[in-house]
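Summary of the model geometry
Each chain, letter by letter, is given below.
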Protein chains: 2
Amino acid sequence: MIKILLDAMGGDNAPAATCQGAVLALENDKELYLILTGRKAEIESELAKYKYDKTRLEIVDCPDVIGMNDIPTEAVKRKQSSLMAAYWMLKKEEDICALVTAGSTGATIVGGQLILGRIHGIKRPALCPAIPNNRGGVTLLCDCGANAECKPVMLCQFAILASAYAEAGFGIKEPKVGLLTNGTEEHKGDPLHQETYSYLSKMDGINFVGNVEGRDIMLSECDVVVADGFSGNIALKSIEGCGKLVLNTLKNELSAGLSSKIGYLFIRKAIKRMRAKLDFDKYGGALLLGLKKVVVKTHGSSKPSTVAASIANAASIYRGGLVQKVEKQLEGVDFNALIPEGT
Amino acid sequence: MIKILLDAMGGDNAPAATCQGAVLALENDKELYLILTGRKAEIESELAKYKYDKTRLEIVDCPDVIGMNDIPTEAVKRKQSSLMAAYWMLKKEEDICALVTAGSTGATIVGGQLILGRIHGIKRPALCPAIPNNRGGVTLLCDCGANAECKPVMLCQFAILASAYAEAGFGIKEPKVGLLTNGTEEHKGDPLHQETYSYLSKMDGINFVGNVEGRDIMLSECDVVVADGFSGNIALKSIEGCGKLVLNTLKNELSAGLSSKIGYLFIRKAIKRMRAKLDFDKYGGALLLGLKKVVVKTHGSSKPSTVAASIANAASIYRGGLVQKVEKQLEGVDFNALIPEGT
């Protein structure tokens, strides 16, 4: 049995989307046991719409909900909120293995650090989404916004965290790791990235392939792209914006004129296949890496299918032994010898 | 008569693409006079393939060509190279108004700074491409890689440079300016961007609308997005990579299966319209802003149509009075009062 917590009140469409997502997830994975935190009456009334295995779902009543505009460092104190109550349970109960939330990113990060805690030796947690690439697989972009300011040691640890995710979540052996900069040459970037390059080159257990550019996130052999949270976030959002504009433009042009409308009837399936290949939500949001247990932050506007995918991804990563892989990897690197203190 | 220099040897397809581009440009704009720098015999043999108005084209023989791997600070000394010879002419001859090159970006930037020189008061030149947006227009992203490390004063000046470009090149009055960060809230970003936010808010003559995210480059009301060259480059390349992956995936799916192939016959024109709307090369490469004259750096793999578009863009920006607009704008801002020395 794999026990996973779901913040049933997180996200714009909660609790409707989270409850339906939970039901979908239970259907797809018979080993799953879900604990939903949130306003019990609301959750029960949503769940009443579906048939599901009631022996594998429980609700923990939490009267409080953290909003998208609440200040994370304040929100973390609200123990009766669906998110923080979930974090406390995740910390205390050994048999619970993961948390999925579509709630506030800031509150999820702060709660993860202050309540659940980081893996011993890890300086900062990092957000890591799986981005579709030209090989029909995914590239893990780490960090994507948890840390606007980074030091080289953090970027080196992001390489470890995301490599462990690639292995635990996607079965990729010796994942290829690139460092996101403004050019592929060794000397590219600012001092932060130049220094990080030199440390990554010397680090054991990481398959570092050098500097990569923004285009290499989707179009290269890299399995992992390491980024400071500022530029990682810009890369991710730029990709989202471009994808949306291209697909909207295609949609508009396909509905303009009779010929296109007829053609569309023939290519509907091709468009569907294309959308499936480029679907960002296939793996349900970003992992919050570096914490003592698996935490998946899916986006606020998640649909039921995205919530279900996030739960399935959390289970798969737990089964793959993410945290143990990170710990093992950390044992093999002497950060104090590799990187001068404070860097 | 508008006199423009073309580095005929710059780019992967030179001098074939540059010569054909020159012929196209002359055809489209009867006021244009082109000076091609490069190996005269090679250029003449390319030009011999076309009919064009020989009274509006001259060749300046330059035996030397700067390669993509040459070190820019060394390359700038090679006065007989097609690029540096062009810069010297641009500097010395008052009636020449612009330079177009598909050569090395680094050499173009260094040549611009050391030979042509910056507009009085401008700290650093910046690369600024025009990116298609969801309003059917373009968003100017400045800087995109000329400056991997920036100070607030530079970012504030990028706002002035790109605003002047928006007005001179695209007739946009009071262009809306956003600052590229990892979130839209005022406090987002690292100290560089937080400080820049406060200065841009107080700066006269700039229509600053606040922080913007990567997705806002293509999907917002912004005409100008100001970025440090490191993250601006990452945004641009991420967009390029995503656009390429989406279009390739679409192409592959449309050629898979009989139904899609039939459908494609009906939607060919729609796809063509879509490609035209999303075409990055419509305006031919990036402007190198902040120099005493108009300099357009188009990408190394430019086709003849891109070279022609770059020449047309250079002429249009010159006609729009880019440099004068920048100078006027600079007069209105007391940078020493706004931003402490060294910041």
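Residues numbered from 1 in each chain as written. Chains lettered and ligands numbered in written order. Predicted model: local features only at pLDDT ≥ 70, side-chain atom pairs only at ≥ 80, totals over all residues. Heavy atoms only, no water.

1. What about the overall build of chain A?
- Assigned secondary structure in chain A consists of 12 helices and 11 strands.
- Along the first, second and third principal axes, the C-alpha atoms of chain A reach 60 × 60 × 35 Å.
- The proportion of buried residues among the 343 residues of chain A is 60%.
- Roughly 14,000 Å² of accessible area belongs to chain A as shown, and the carbon and sulfur atoms make up 49% of that amount.
- Computed over 41 positive and 39 negative side-chain charges, the separation of the two mean positions in chain A equals 6 Å. (Helix = DSSP H or I, 4+ residues; strand = E, 2+ residues; numbered from the N terminus. Buried < 20%, exposed > 50% of the residue type's maximum accessible area, 1.4 Å probe, protein only. Areas by Shrake-Rupley, 256 points an atom, 1.4 Å probe, with all protein chains shown as cover. Lys, Arg positive; Asp, Glu negative; His and termini not counted. Charge placed at Lys NZ, Arg CZ, Asp CG, Glu CD.)

2. Quick look at the relation of the copies chain A and chain B
- When chain A is fitted onto chain B, the two copies agree to an RMSD of 0.0 Å after a turn of 180° and an axial shift of 0.0 Å. Taken together, these values place the two copies in the relation of a two-fold axis. Across chain A, the rotation axis passes nearest the C-alpha of G263 of chain A, at a separation of 2.1 Å.
- Comparing contact sets, 100% of the residues at the interface of chain A also lie at the interface in chain B, consistent with an isologous, same-surface contact. (Least-squares fit on C-alpha atoms with pLDDT ≥ 70 in both. Contact = heavy atoms within 4.5 Å.)

3. Points about the interface of chain A and chain B
- Listed per partner, the contact involves 53 residues of chain A and 53 residues of chain B.
- Our count for the chain A to chain B interface comes out at 6 salt bridges.
- Taken together, chain A and chain B are joined by 12 residue pairs in polar contact (both at pLDDT 80 or more).
- Broken down by secondary-structure element, the contributors of at least two residues to the side of chain A that touches chain B are α7 (191-202), α8 (229-254) and α9 (258-277) of chain A.
- Here the side of chain A that touches chain B gets 20 residues from one element, more than from any other, and that element is α8 of chain A.
- Partitioning the side of chain A that touches chain B into residue classes produces 26 nonpolar, 16 polar and 11 charged. (Salt bridge = Lys/Arg side-chain N within 4 Å of Asp/Glu carboxyl O. Polar contact = N/O pair within 3.5 Å; in protein donor to acceptor, adjacent residues only side chain to side chain. Nonpolar A, V, L, I, M, F, W, Y, C, P; charged D, E, K, R; others polar.)

4. Comments concerning the packing of aromatic side chains
All names here are of chain A.
- Counted under the stated rule, the structure contains 7 aromatic pairs over all chains.
- Ring plane angle 90° and centroid distance 4.9 Å describe the contact between F170 and Y283, whose orientation is recorded as edge-to-face. On the criterion of sequence distance, the pair formed by F170 in helix α6 (residues 152-170) and Y283 in the loop between α9 and β10 (286-289) is long-range, its members being 113 residues apart.
- Using a relative accessible area of 23% as the deciding quantity, one classes F170 as partly exposed.
- Judged by its relative accessible area of 25%, Y283 is partly exposed.
- Between Y197 and F208, the ring centres sit 5.4 Å apart and the planes meet at 75°, which makes this aromatic pair edge-to-face. Of this pair, Y197 sits in helix α7 while F208 sits in strand β8 (residues 207-212), and the two are 11 residues apart along the sequence.
- For Y197, a relative accessible area of 15% gives the class buried. (Phe/Tyr/Trp six-rings, centres within 6.5 Å; stacked < 30°, edge-to-face > 60°.)

5. Looking at the environment of Q324 of chain A
- Within the fold, Q324 of chain A resides in helix α11 (residues 322-331).
- Along the backbone, Q324 of chain A and G67 of chain A are 257 residues apart, and their C-alpha atoms lie at a distance of 33 Å.

6. Let's talk about the pattern of salt bridges
All names here are of chain A.
- All chains considered together, the criterion is met by 28 salt bridges over all chains.
- Linking K77 and E74 is a salt bridge whose minimum nitrogen-to-oxygen distance equals 3.6 Å.
- Taken together, the salt bridges that share partners define one network made up of D29, E31 and R319.

7. Topic: the nonpolar core
- Counting 104 residues, the largest nonpolar core has Y87, L141 and I217 of chain A together with Y87, L141 and I217 of chain B as the members making the most contacts within it.
- Aside from chain neighbours lying at most four places away, what touches I217 of chain B is S238 of chain A together with I131, N133, T139, L141, L180, V225, A235 and I239 of chain B. (Core = buried A, V, L, I, M, F, W, Y, C linked by side-chain atoms within 4.5 Å.)

8. A closer look at the sheet that holds strand β11 (residues 286-289) of chain B
Residues and elements named next belong to chain B.
- Ordered in space as β3-β2-β1-β4-β12-β11-β5, the 7 strands form an open sheet in which the pairing is mixed. Sheet topology places β3 (57-61) and β5 (126-128) at the edges, where each strand pairs with a single neighbour. On average, each strand axis in the sheet is inclined to that of its neighbour by 25°, with strand direction left out of account.
- Of the pairings in the sheet, the one linking β5 to β11 comprises 3 bridges and is antiparallel in character. Counted as the bridge partner of C128 is L287 from β11.
- Packing of helix α2 (residues 40-47) onto the sheet brings it into contact with β2 (32-38) and β3, and relative to β3 it is tilted by some 150°. (Pairing = 2+ DSSP bridges. Axes fitted to C-alpha atoms, helices over the stretch in contact; angles between N-to-C directions.)

9. Topic: the side chain of D143 of chain B
Residue and element names in this part refer to chain B.
- On the secondary structure map, D143 appears in the loop between β7 (138-142) and α6 (152-170).
- Buried charge without a partner: D143 forms no salt bridge, and the closest opposite charge is R124, 7.7 Å away.
- For D143, the side chain forms a polar contact with the main-chain nitrogen of L127, separated by 2.8 Å.
- In this structure, D143 is in contact with A126, L127, F158, A227, D228, G229, G232 and N233, ignoring residues within four places of it in sequence.

10. Side note on the confidence of the model for chain A
- Confidence along chain A averages 94 in pLDDT terms, with 99% of residues attaining 70 or more.
- Model confidence for the complex: the whole-complex pTM is 0.94, and ipTM, which rates the interface, is 0.94. (pLDDT = per-residue confidence, 0-100.)

11. Regarding a positive patch on the surface
- Together, K79, K91, K92 and K292 of chain A give the surface a local cluster of positive charge.
- Examined against the element boundaries, K92 of chain A turns out to sit in helix α4 (residues 82-92). (Patch = residues over 30% accessible without salt bridge, like charges linked within 9 Å, V, L, I, M, F, W, Y side chains within 5 Å.)

12. What about the packing of helix α1 (residues 16-28) of chain A against helix α2 (residues 40-47) of chain A?
Residues and elements named next belong to chain A.
- Running from amino to carboxyl end, α1 crosses α2 at an angle of 55°, the nearest separation of the two axes being 9 Å. Classified by the angle between their axes, α1 and α2 sit oblique to one another. α2 is crossed by α1, and the crossing has right-handed handedness. Facing α1, whose interface residues are A16, C19 and V23, α2 presents I43, E46 and L47.
- Residue classes in the contact of α1 with α2 are distributed as 5 nonpolar, no polar and 1 charged. (Parallel < 35°, antiparallel > 145°, perpendicular 65-115°, else oblique. Left-handed = near helix turned anticlockwise from the far one by under 90°.)

13. Some words on the sheet that holds strand β8 (residues 176-180) of chain B
All names here are of chain B.
- Strand order in the open sheet formed by 5 strands is β6-β7-β10-β8-β9, with mixed pairing between adjacent strands. Both outer strands of the open sheet, β6 (130-132) and β9 (207-212), are each paired with one neighbouring strand and no more. Neighbour-to-neighbour, the strand axes of this sheet turn through a mean angle of 30°, independent of strand direction.
- Across the sheet, helix α8 (residues 229-254) touches β6, β7 and β8, and the angle it forms with β7 is around 140°.

14. With respect to the packing of α8 of chain A against α9 of chain A
Residues and elements named next belong to chain A.
- Between α8 and α9, the shortest axis-to-axis distance is 10 Å and the interhelical angle comes to 155°. With respect to their mutual orientation, α8 and α9 come out roughly antiparallel. Where α8 abuts α9, its residues L247, L250, E253 and L254 lie against S260, K261, Y264, I267, I271, M274 and R275.
- When grouped by side-chain class, the residues that make up the contact of α8 with α9 number 7 nonpolar, 1 polar and 3 charged.

15. Details of a nonpolar patch on the surface
- Where nonpolar side chains cluster on the molecular surface, the patch consists of L258, I262, L265 and F266 of chain A together with L258, I262, L265 and F266 of chain B and spans about 750 Å² of accessible area.
- Elements with a contribution of two residues or more to the nonpolar patch: α9 of chain A together with α9 (258-277) of chain B.

16. A look at helix α7 (residues 191-202) of chain B
- Taking 1.5 Å of rise per residue, the 12 residues of α7 of chain B would be expected to cover 16 Å, and the 17 Å separating its terminal C-alpha atoms lies within 8% of that figure.
- The set of residues buried in α7 of chain B consists of L192, H193, T196, Y197, Y199 and L200 of chain B.
- Looking at the buried residues of α7 of chain B, the elements they touch are α8 of chain A together with α6, β8, β9 and α12 (335-338) of chain B. (Expected span 1.5 Å × (residues − 1).)

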